[in-house]
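# Results of the structural survey
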Amino acid sequence: MSTIAGNASHKDEIECDHDLHAVLCGLEADSSLFHPEQLRERLIALDDLDAGFGVFDSEDSTRSTDSRIHKRAKALRTQLEAANAELYQSIRADIVRGAPLHTFLKWIQGSVTQNGSGCPLPDFGFDFRDELVSGVLQLREPSEPNLHRSPEMVPYQPTPVRHILHLIAAAALVEDDVFVDLGSGLGHVPLLVSMVTGVQSLGIEVQAAYVASARECAQSLRLSRLRFTRQDARETDLSSGTVFYLYSPFNGSILTDVLKALRMESTRRPIKICSLGPCTRTIANEMWLKASTPPDMGRITVFDTQ
């Protein structure tokens, strides 16, 4: 390396350290970050710290910036995460004792839409609401599902919170409804539906480890109108459900069989089917169903029986 190149590199490092120092000083000076209602701002600050200082615990983390700045950044991250943990625990305590969840609902229901259309943006990314709900639910992530997945089973991905909220509003859930999530995974959707609306909810999931984790969460929060069942969606009893949800958990013959079973249920009582993802295209082709809005695989679509 030439002397000129070496000097330029050293200058860049100094400027980088100066910028990181300025970011850190700004965050340390903002005492409002530790107010309980500043959750979104804390999450943004944590993202800024990760972006500026990299992975705190990596071996190379102290090589890219002054070790003193790094230690300060790590300490600040610990304090911000502790403030979040205290908030999550407070909300969990409210849920357990059946207290009104006004603050929690204000956070997750505010700014559900970002485009003024009444619907969330059509994508499957996550935002601060998912961080909040994840911190409150504290679901235990299984190390590995213990079932060999067939080619028609889709790998589990949780539904973003903003889409769950849209589902609740679009399906117009009422007290007498029984909400059924077909392919519920870790149970985010039935758990949140039960917490927000109080309606009876049921999660159907074939992976035993996922069902065990969902049950543990429901029990720890004392959510009594909520069940999780380990079963193949093709074999489960659907007779109690009034509103069914599918986030494209399976395709091919499995989806065909489940839709046949749902059609049989529709001959006994009116039902609704809510969908998200690629399965929406298949459901839209079912002549016995009518979409309440133009089908869109990137947003919740609600189908009513004709």
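Since we're looking at a predicted model, the values are computed, not measured. (Residues numbered from 1 in each chain as written. Predicted model: local features only at pLDDT ≥ 70, side-chain atom pairs only at ≥ 80, totals over all residues. Heavy atoms only, no water.)

Further remarks concern the overall build of the protein. Within the protein one finds 10 helices and 7 strands. A buried classification covers 44% of the 306 residues belonging to the protein. By sequence separation, contacts in the protein at least 24 residues apart represent 71% of the contacts at least 6 residues apart. For the protein, the computed accessible surface area is about 15800 Å², with 52% contributed by carbon and sulfur atoms. (Helix = DSSP H or I, 4+ residues; strand = E, 2+ residues; numbered from the N terminus. Buried < 20%, exposed > 50% of the residue type's maximum accessible area, 1.4 Å probe, protein only. Contact = heavy atoms within 4.5 Å. Areas by Shrake-Rupley, 256 points an atom, 1.4 Å probe, with all protein chains shown as cover.)

You can see Asn 84 is positioned in helix α3 (residues 67-96). The residues contacting Asn 84, other than those within four sequence positions of it, are Leu 39, Arg 42, Leu 43 and Leu 46.

This next bit is on helix α5 (residues 128-137). Counting buried positions over the 10 residues of α5 gives 8, a clear majority of the element. Of all the residues in α5, the buried ones are Phe 128, Arg 129, Asp 130, Leu 132, Val 133, Gly 135, Val 136 and Leu 137. Positive backbone phi, at 50°, marks Gln 138, one or two positions downstream of α5.

Another point: the environment of Ala 85. Examined against the element boundaries, Ala 85 turns out to sit in helix α3. On the accessibility criterion, Ala 85 (41% relative accessible area) is partly exposed.

Here we take up the nonpolar core. In a soluble, globular protein the nonpolar side chains are often hidden away together inside. Phe 104, Leu 132, Phe 179, Leu 191, Leu 192 and Tyr 245 are the most contacted members of the largest nonpolar core, which totals 60 residues. In terms of residue count, α3 provides more of this core than any other element does, 8 residues in total. Core analysis: the second largest hydrophobic core is formed by 23 residues, Phe 250, Ile 273, Trp 288 and Leu 289 among them. (Core = buried A, V, L, I, M, F, W, Y, C linked by side-chain atoms within 4.5 Å.)

All right, on to the packing of α5 against helix α6 (residues 161-171) then. At a closest axis distance of 8 Å, the pairing of α5 and α6 adopts a crossing angle of 85°. Between α5 and α6, the crossing angle belongs to the class labelled roughly perpendicular. Where α5 abuts α6, its residues Arg 129, Asp 130 and Val 133 lie against Val 161, Arg 162 and Leu 165. Of the residues that constitute the contact of α5 with α6, the class distribution is 3 nonpolar, no polar and 3 charged. (Axes fitted to C-alpha atoms, helices over the stretch in contact; angles between N-to-C directions. Parallel < 35°, antiparallel > 145°, perpendicular 65-115°, else oblique. Nonpolar A, V, L, I, M, F, W, Y, C, P; charged D, E, K, R; others polar.)

Under the definition given, this model contains 3 aromatic pairs. Arranged with centres 5.2 Å apart and planes meeting at 50°, the rings of Tyr 156 and Tyr 210 form a pair that is tilted. On the criterion of sequence distance, the pair formed by Tyr 156 in the loop between α5 and α6 and Tyr 210 in helix α8 (residues 208-220) is long-range, its members being 54 residues apart. You can call Tyr 210 buried: its relative accessible area is 8%. An angle of 25° between the planes, with centres 6.5 Å apart, marks the rings of Phe 179 and Tyr 245 as stacked. Placement of Phe 179 in strand β1 (residues 178-182) and of Tyr 245 in strand β4 (residues 243-246) is noted, with a sequence separation of 66 residues between them. (Phe/Tyr/Trp six-rings, centres within 6.5 Å; stacked < 30°, edge-to-face > 60°.)

We now examine a negative patch on the surface. Judged by side-chain charge, Asp 47, Asp 48, Asp 50, Glu 81 and Glu 131 come together as a negatively charged surface patch. Counting residues per element, the negative patch draws most heavily on helix α2 (residues 39-53), at 3 residues. Owing to a relative accessible area of 38%, Asp 48 belongs among the partly exposed residues under this scheme. (Patch = residues over 30% accessible without salt bridge, like charges linked within 9 Å, V, L, I, M, F, W, Y side chains within 5 Å. Salt bridge = Lys/Arg side-chain N within 4 Å of Asp/Glu carboxyl O. Lys, Arg positive; Asp, Glu negative; His and termini not counted. Charge placed at Lys NZ, Arg CZ, Asp CG, Glu CD.)

Let us look at the pairing of strand β7 (residues 301-305). In this structure, strand β5 (residues 272-275) lies alongside β7, joined through 4 bridges in antiparallel fashion. Looking across to β7, one finds that Cys 274 is bridged to Val 302. (Pairing = 2+ DSSP bridges.)

As far as function goes, none of this settles anything; it's purely spatial.
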